[in-house]
Amino acid sequence: MAIAPGMAGFDASVGSRGPSLLDRAAETGSAVDLIPEAKSLQAPSWVREGLRVYYRTSSATIENPFAAAKDIPRPPVIRVDQVSPSAPAVVRTDVVALAPRFSATYSTIFIGDLMIPWDDSSSSAFAGIGEFWINPAALRDVAKRSVPGLSAEPVHFEVGGKAYSALRLDSTQANPTRYLTWVFDTATGLLLYQAQWMVLADRRLAHLSVAEFLSMRNMTLPWEGGVTPSWVQQGTKLTYQGSIQTWTPAGGRNIPIPAMLEVEMTSIGRNWSAARVKRVFSSREEDQTITVYSGTGLLAGGFWVPRANLARLRSGERLDRYDPVTGSSSEVGFAGATPEGVPVVAIFEWGAKYKRAWIYRSTDGVLLYWMDEKLVDPSTGMVQQAEWQLREE
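Here we summarise the structure given alongside this text. Sequence order sets the numbering: in each chain, residues are counted from 1 along the sequence as written. Since the coordinates come from a predicted model, pLDDT governs what is reported: local features require at least 70, and pairs of side-chain atoms require 80 or more to be given and counted, while whole-chain, interface and lining totals use all residues. Note that water and hydrogens are dropped before the side-chain values are worked out from all heavy atoms of the structure.

## Some remarks on the side chain of Gln 385
Logical step 1: We count a stretch as a helix when DSSP gives it H or I for four or more residues in a row; a strand needs E for two or more, and each element gets its number in order from the N terminus. Secondary-structure assignment places Gln 385 in strand β21 (residues 382-390).
Logical step 2: Each residue is assigned to one of three classes by its accessible area relative to the maximum for its type, calculated with a 1.4 Å probe on protein chains only: buried under 20%, partly exposed between the two thresholds, exposed over 50%. Gln 385 sits in the buried class, given a relative accessible area of 15%.
Logical step 3: Here a polar contact is recorded for every N or O atom pair within 3.5 Å, except that within protein the pair must consist of a potential hydrogen donor and a potential acceptor, and residues adjacent in sequence are included only if both atoms are side-chain atoms. A distance of 2.8 Å separates polar atoms of two side chains, one belonging to Gln 385 and the other to Glu 373.
Logical step 4: Among all residues touching Gln 385, those that are not within four sequence positions of it are Ser 243, Ile 244, Gln 245, Trp 247, Met 371, Asp 372 and Glu 373. It only takes one pair of heavy atoms within 4.5 Å for two residues to be counted as in contact.

## Digging into the pattern of salt bridges
Logical step 1: Definition used for salt bridges: Asp or Glu carboxyl oxygen within 4 Å of a side-chain nitrogen of Lys or Arg. One pass over the structure, following the stated rule, counts 23 salt bridges.
Logical step 2: Between Glu 37 and Arg 145 there is a salt bridge whose closest N-O contact spans 2.5 Å. On the criterion of sequence distance, the pair formed by Glu 37 in the loop between α2 (31-34) and β1 (51-63) and Arg 145 in the loop between α4 (136-144) and β5 (151-159) is long-range, its members being 108 residues apart.
Logical step 3: When its relative accessible area of 36% is taken as the criterion, Arg 145 is described as partly exposed.
Logical step 4: Taking the shortest distance from any N to any O, the salt bridge between Asp 202 and Arg 204 comes out at 2.8 Å.
Logical step 5: Of the residues examined, Arg 204 reaches a relative accessible area of 60% and is grouped as exposed.
Logical step 6: Salt bridges here are not isolated pairs; linked through shared partners, they connect Arg 52, Arg 92, Asp 94, Arg 217, Asp 320, Asp 323 and Glu 349.

## Looking at the packing of aromatic side chains
Logical step 1: Only Phe, Tyr and Trp rings are paired, with Trp represented by its six-membered ring, and only when their centres lie within 6.5 Å; those with planes under 30 degrees apart are stacked, over 60 edge-to-face, the remainder tilted. For the coordinates displayed, the defined rule picks out 15 aromatic pairs.
Logical step 2: With 5.6 Å between their ring centres and 50 degrees between their planes, Phe 157 and Tyr 193 make a pair best called tilted. Within this pair, whereas Phe 157 is found in strand β5, its partner Tyr 193 is found in strand β8 (residues 191-199), the two being separated by 36 residues in sequence. As far as burial versus exposure is concerned, Phe 157 and Tyr 193 are alike and both buried.
Logical step 3: Between Tyr 240 and Phe 303, the ring centres sit 5.8 Å apart and the planes meet at 35 degrees, which makes this aromatic pair tilted. Taken together, the residues span a long stretch of sequence, with Tyr 240 in strand β10 (residues 237-248) and Phe 303 in the loop between β15 (290-295) and β16 (318-320) at a distance of 63 residues. Pair check on accessibility: Tyr 240 and Phe 303 agree, each one buried.
Logical step 4: Through a chain of ring-to-ring contacts, the aromatic side chains of Trp 46, Tyr 55, Phe 132, Trp 133 and Phe 213 assemble into a single cluster.
Logical step 5: Here the basic side chain of Arg 253 rests over the ring of Trp 247, its NZ or CZ set 3.9 Å away from the ring centre.
Logical step 6: Sitting over the face of the ring of Trp 118, Lys 374 holds its NZ or CZ atom 5.4 Å from the ring centroid. For a ring to carry a charge above it, either NZ of a lysine or CZ of an arginine must fall within 6 Å of the ring centroid while also lying within 35 degrees of the normal to the ring plane.

## Side note on the pairing of strand β2 (residues 89-99)
Logical step 1: Most of β2 is tucked away, with nine of its 11 residues classed as buried.
Logical step 2: Examined bridge by bridge, β1 and β2 share six bridges and lie antiparallel to one another. By the bridge assignment for β2, Tyr 54 is matched with Arg 92.
Logical step 3: Bridge count for β2 against strand β3 (residues 102-111) is nine bridges, and the pairing is antiparallel. Among the inter-strand pairings, Val 91 is bridged to a residue of β3, identified as Ile 109.
Logical step 4: Counting the residues between successive antiparallel strands, the hairpin from β2 to β3 contains two residues. Two strands form a pair only when DSSP identifies at least two bridges running between them.

## Comments concerning the pairing of strand β12 (residues 257-268)
Logical step 1: Bridge count between β10 and β12: eight bridges; the pairing is antiparallel. Looking at the pairing, Ser 243 lines up with Pro 258 of β12.
Logical step 2: The pairing of β12 with strand β13 (residues 272-281) spans nine bridges and is classified as antiparallel. Within β13, the position partnered with Ala 259 by the bridge is Phe 281.
Logical step 3: Hairpin geometry of β12 and β13 is characterised by an intervening segment of three residues between the two adjacent antiparallel strands.

## Observations regarding unusual backbone geometry
For residues other than glycine, phi is negative in most cases, and the peptide bonds are mostly trans.
Logical step 1: Phi at Met 115 takes a positive value of approximately 55 degrees, unusual for a residue other than glycine.
Logical step 2: With respect to the secondary-structure elements, Met 115 resides in the loop between β3 and β4 (116-125).
Logical step 3: When its relative accessible area of 15% is taken as the criterion, Met 115 is described as buried.
Logical step 4: For Asn 309, which is not a glycine, the phi torsion comes out positive at approximately 65 degrees.

## Notes on the nonpolar core
Logical step 1: In this structure, Ile 35, Phe 132, Ile 134, Leu 150, Leu 169, Trp 182 and Leu 192 are the most contacted members of the largest nonpolar core, which totals 47 residues.
Logical step 2: When residues in this core are grouped by element, the largest group, six residues, is from β8.
Logical step 3: In contact with Ile 134, not counting residues within four places along its chain, are Ile 35, Ala 38, Pro 44, Gly 128, Ile 129, Leu 139, Phe 184, Thr 188 and Gly 189.
Logical step 4: Leu 221, Leu 238, Val 263 and Val 305 belong to the second-largest nonpolar core, a separate cluster that totals 37 residues. Take the buried residues of types Ala, Val, Leu, Ile, Met, Phe, Trp, Tyr and Cys, join any two whose side-chain atoms come within 4.5 Å, and each joined set is a nonpolar core.

Put into structure tokens, the structure is as follows:
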């Protein structure tokens, strides 16, 4: 999970930004390294495919509170609303897939008061220590014994108007200097709070990133119990031709930027897949490839959906009537045959200032097309639209 808006630019698209919230705060000494026994445990019973969780997040460069400290201090708990005067972002995370020792999630970060979906990411982890949870048995073990590099303290923690009996974990790392804090609900293992302090070259300053639990709910998915389509195999390749265009009410449309996505399936499970994705602009490849996870717990956004019940969906069918946090809705925008006779299902998601669409072929569940249109500059009314079309030989 991204813990603060990266403001990655107008060309942000589906992709992975690396490890989960529990790992990405540090280059070394991650939560998985500090609590390795969690890797062999199962996910808590409340974590299931289709679970959707929300976190409020914010970041800022502020005065370094550790600059004058002689001993390694324990970081203060700074709440999201205290970090920055701007509106916190919201990270919406779906549990895409669960297996005995594996989990995958898909996150979208919404920014501003208008709740604009700015970027998407996906990540994988263990079942016992995932994107926003840890098996409570591992927490109980940590609370009873000394763990090198990790301090633990029972605390009472309030978030979202609810008080929790929690366990606070702290870790300090060097090169660069980072102070990490996690707060977990001891009963469930839910991550309630996470903060990272990274001391900058000017040691008077530190960059602080904070995330707080907001709420969760279980999604009803049309293909519950489905499996990975049979055509998804290691080495399977897909190519998407696309374009990215912006326009303003005053200036009209800019020239679209052509682009291409090269997708290769790298790992396959019964209910998930991982794909290596490389983006190319005007015959110029990006240096960095990203990993995208698709799975049976995702409503839309992956490179495939399960075939189970896909052909039974009908135009106008509401898939998520109203998202109480982002104010968005999802429905089947179209179910039927294209002019060429190809049976498809189009899934739409829209909010106040954005709309998204994914078109899947009903016979095999492959993603044929997707579109992302959103307001990117409220002051000028600039809108960005990205479109991607599967290129089949």
